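The lines below spell out each chain.
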There are 2 protein chains.
Amino acid sequence: MPTHPRPRGPKPNRMDPDQLLDAAQEVFARDGLRAASLRAIAKQAGCDPALIYYHFDSKEAMFAALLARRFPPIQKELEALSAPEDPRPTALRLWEVVRIYHRNLKDDPGIRSLIRGEIVHGAEGLADILQERIRPIMMAVKSILDRGIALGELRADLHPLLGTFFLVRMHLEILDLLPTVLSRLMGLPRDRAVETGLQAWFDLYWRGIAKDPSIPLPPLPELSADVNATKETHP
Amino acid sequence: MPTHPRPRGPKPNRMDPDQLLDAAQEVFARDGLRAASLRAIAKQAGCDPALIYYHFDSKEAMFAALLARRFPPIQKELEALSAPEDPRPTALRLWEVVRIYHRNLKDDPGIRSLIRGEIVHGAEGLADILQERIRPIMMAVKSILDRGIALGELRADLHPLLGTFFLVRMHLEILDLLPTVLSRLMGLPRDRAVETGLQAWFDLYWRGIAKDPSIPLPPLPELSADVNATKETHP
DNA sequence: GCGATGATTCAACGTCTGTTGAATTGGAGC
DNA sequence: GCTCCAATTCAACAGACGTTGAATCATCGC
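In this report, the structure presented in the accompanying data block is examined. The model shown is predicted, which means the values in this text are computed figures rather than measured ones.

1. Structural notes on the overall build of chain A
Assigned secondary structure in chain A consists of 10 helices and zero strands. Relative to its 235 residues, chain A shows a buried fraction of 47%. For chain A, the share of sequence-separated contacts (at least 6 apart) that also reach a separation of at least 24 residues comes to 68%. Working note: accessible area of chain A is about 12,000 Å², and carbon and sulfur atoms make up 54% of it.

In structure tokens:
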């Protein structure tokens, strides 16, 4: 007697589209957009591949939904930070940029590799979506650099767009590559690689863009400390 | 009468394995290692996919052969440059590093994306090959930084491995991403993006690592000038 | 209780992939 | 001119892929 393998119909606890996105994010993080298969995503989510097509139009639509879930918070934080009335020195504000990126992207290699991959080998449909998401968060950083130049804290000959590109891209490269490069290629431990690398990077970067590099950096808050605890070190 | 589509047997001009590598390089450059298919490579080379298996053991072996063709010259140039008796100031020697990388990798996005991709999602077999190729060329750069510190030209607290990582990775990111980011995301022209970006980057980097950042950079030779014409500007 | 609707699975499609074994042929050596 | 080998192609394999249409079941409104 052939047992019907699995009962069809809705499960006891229904599948939220967000759960599918969680699974997709995990698989994308492991394999990248192209290599990630819908079957692998379905297995990760514990459902049939066809269910994905009930909630999303296609694999690309799933990627777009992932972007739509991840980017607006980053954009909101960055735009708040780049408000011109912020009285903090430029160094601190740029460090806040780093912290915002870090909090939002450090645990999501999938999104990172997706973004980079689509910029390099951009499929047509996704290019517009990407531009719409990335442009505002680059412009927010750029406006901080613009203001730093106007205030005389940064070199007058600094190219603000290039400065933005350098800061952000190196941050993401540190997340993506530094642990592996240090451990696999150099035999060093990888546990503190990201924090050490990011601090060294920001120090180098600041010297590179500051009008007077001999002025040392002010004390910077911890990378992953809570956003509401910028002043208190102990409760 | 069914025409035998193509005559079998050897062609009038035989296929050099190097020609296959050329084709593979081109396709890898377009599509990346995973997405590049042997059928696409064969079409690019004008032969049958099976011929690839006559000259190479597998797709991975083809990739390894590509590395073996591209890296030894870079390694040789860098090791000659890092000889401790070189009397030039550290800034000039580091700029030579940039030029060596540039000459050898600027026209080969395939190799670049392959290396990076394999570091991020490293397949087991290729990881060792990569390490064997990359480690020496990173150590050569590191030894220049080490010497710069010892001579007092660079900051004493500079971490040489991180400094190497920053210099090289940002160079490759400028090649891979800057033109696209500037044009597609910002609407700027992309033709001089790489040269402008690289010079701005080296300027920033040098300020970041120099012991005395207020000393300006010496005049630097052109990026792509011939390697034998470092002194003579006119014959 | 019943029918509609929404959520889920099954099975299959056509296409592409890396890879292999057998068939074929041009040219070199004798 | 014959033989042999090296180089090339053909045809096919088994598996994975994205995607779709139909079938199934659970639950809700009535």
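Text resumes after the structure shown.
2. Here we look at the interface of chain B and chain A
How big an interface is tends to be reported as the loss of accessible area on association of its parts. Taken together, the 50 residues of chain B in the interface contact 50 residues of chain A. When the buried area of chain B at its contact with chain A is split by residue, R184, L185 and L204 of chain B rank highest and sum to 14% of it. Here chain B is connected to chain A by eight salt bridges. Of the charged contacts in the structure, one is a salt bridge between R169 of chain B and E173 of chain A, with a shortest N-O distance of 2.8 Å. Counting the contacts that link chain B with chain A gives 13 residue pairs in polar contact (both at pLDDT 80 or more). Of all the elements, helix α8 (residues 160-185) of chain B adds the most residues to the side of chain B that touches chain A, at 16 residues.

3. A closer look at the side chain of D108 of chain A
Examined against the element boundaries, D108 of chain A turns out to sit in the loop between α5 (90-105) and α6 (109-120). In this view, D108 of chain A contacts Q25 and R70 of chain A; residues no more than four positions away in its chain are not counted.

4. A few points about the nonpolar core
In this structure, W201 of chain A together with W201 of chain B are the most contacted members of the largest nonpolar core, which totals 148 residues. Considering each element in turn, this core owes the most residues, 15 residues, to α8 of chain B.

5. Considerations on the pattern of salt bridges
All names here are of chain A. On inspection of all chains with the given rule, the structure shows 36 salt bridges over all chains. Measuring nitrogen to oxygen at the nearest pair gives 2.8 Å for the salt bridge that ties E96 to R99. Here R99 and E96 lie together in helix α5, a separation of three residues that amounts to about one turn. Neither residue differs from the other here; E96 and R99 are each classed as buried.

6. Comments concerning the environment of R88 of chain B
Within the secondary structure layout, R88 of chain B lies in the loop between α4 (59-81) and α5 (90-105). Side-chain polar atoms of R88 of chain B contact the side chain of D86 of chain B, separated by 2.9 Å.

7. Examining the packing of helix α1 (residues 17-35) of chain A against helix α4 (residues 59-81) of chain A
All names here are of chain A. It is the contact of α1 with α4, at a shortest axis distance of 10 Å, that shows an interaxial angle of 105°. In terms of orientation, α1 lies roughly perpendicular with respect to α4. Mapping the contact onto sequence places D18, L20, L21, D22, A24, Q25, F28, L33 and R34 in α1 and K59, M62, F63, A65, L66, R69 and R70 in α4.

8. A short note on the side chain of S113 of chain A
Assignment of secondary structure puts S113 of chain A in helix α6. Judged by its relative accessible area of 19%, S113 of chain A is buried.

9. Things to note about the packing of helix α10 (residues 193-209) of chain A against helix α9 (residues 193-209) of chain B
Running from N to C, α10 of chain A and α9 of chain B point in directions that differ by 110°, and their axes come no closer than 7 Å. Classified by the angle their axes make, α10 of chain A and α9 of chain B are roughly perpendicular. Residue-level inspection shows W201, L204, Y205, R207, G208 and I209 of chain A of α10 of chain A in contact with α9 of chain B, the latter providing W201, L204, Y205, R207, G208 and I209 of chain B. Looking at the contact of α10 of chain A with α9 of chain B, its residues break down into eight nonpolar, two polar and two charged.

10. Looking at the packing of aromatic side chains
The full count for this structure, using the stated rule, is nine aromatic pairs over all chains. Here the aromatic residues F165, F166, W201 and Y205 of chain A together with F165, F166, W201 and Y205 of chain B are joined through ring pairs into a cluster of three or more.

11. Here's the deal with the relation of the copies chain B and chain A
Turning one copy of the chain about an axis and sliding it along that axis gives the other copy, so a rotation and a shift relate them. Relative to chain A, chain B is turned by 180° and slid 0.0 Å along the rotation axis, the superposed coordinates differing by an RMSD of 0.1 Å. Here the transformation between the copies is reduced to the relation of a two-fold axis. Residues of chain B ranked by C-alpha distance from the rotation axis are headed by G208 of chain B, positioned 2.4 Å from it. Counting the interface residues of chain B, we find that 100% of their copies in chain A are interface residues as well, pointing to one common contact surface.

12. Points about the environment of C47 of chain A
All names here are of chain A. Along the polypeptide, C47 turns up in the loop between α2 (38-45) and α3 (49-55). Sequence separation between C47 and L20 is 27 residues, and the spatial gap between their C-alpha atoms is 9.1 Å. When neighbours within four sequence positions are excluded, C47 is seen to be in contact with M15, L20 and A42.

Criteria and cut-off values
- Residues numbered from 1 in each chain as written.
- Chains lettered and ligands numbered in written order.
- Predicted model: local features only at pLDDT ≥ 70, side-chain atom pairs only at ≥ 80, totals over all residues.
- Heavy atoms only, no water.
- Helix = DSSP H or I, 4+ residues; strand = E, 2+ residues; numbered from the N terminus.
- Buried < 20%, exposed > 50% of the residue type's maximum accessible area, 1.4 Å probe, protein only.
- Contact = heavy atoms within 4.5 Å.
- Areas by Shrake-Rupley, 256 points an atom, 1.4 Å probe, with all protein chains shown as cover.
- Buried area = accessible area lost by both parts, 1.4 Å probe.
- Salt bridge = Lys/Arg side-chain N within 4 Å of Asp/Glu carboxyl O.
- Polar contact = N/O pair within 3.5 Å; in protein donor to acceptor, adjacent residues only side chain to side chain.
- Core = buried A, V, L, I, M, F, W, Y, C linked by side-chain atoms within 4.5 Å.
- Axes fitted to C-alpha atoms, helices over the stretch in contact; angles between N-to-C directions.
- Parallel < 35°, antiparallel > 145°, perpendicular 65-115°, else oblique.
- Nonpolar A, V, L, I, M, F, W, Y, C, P; charged D, E, K, R; others polar.
- Phe/Tyr/Trp six-rings, centres within 6.5 Å; stacked < 30°, edge-to-face > 60°.
- Least-squares fit on C-alpha atoms with pLDDT ≥ 70 in both.

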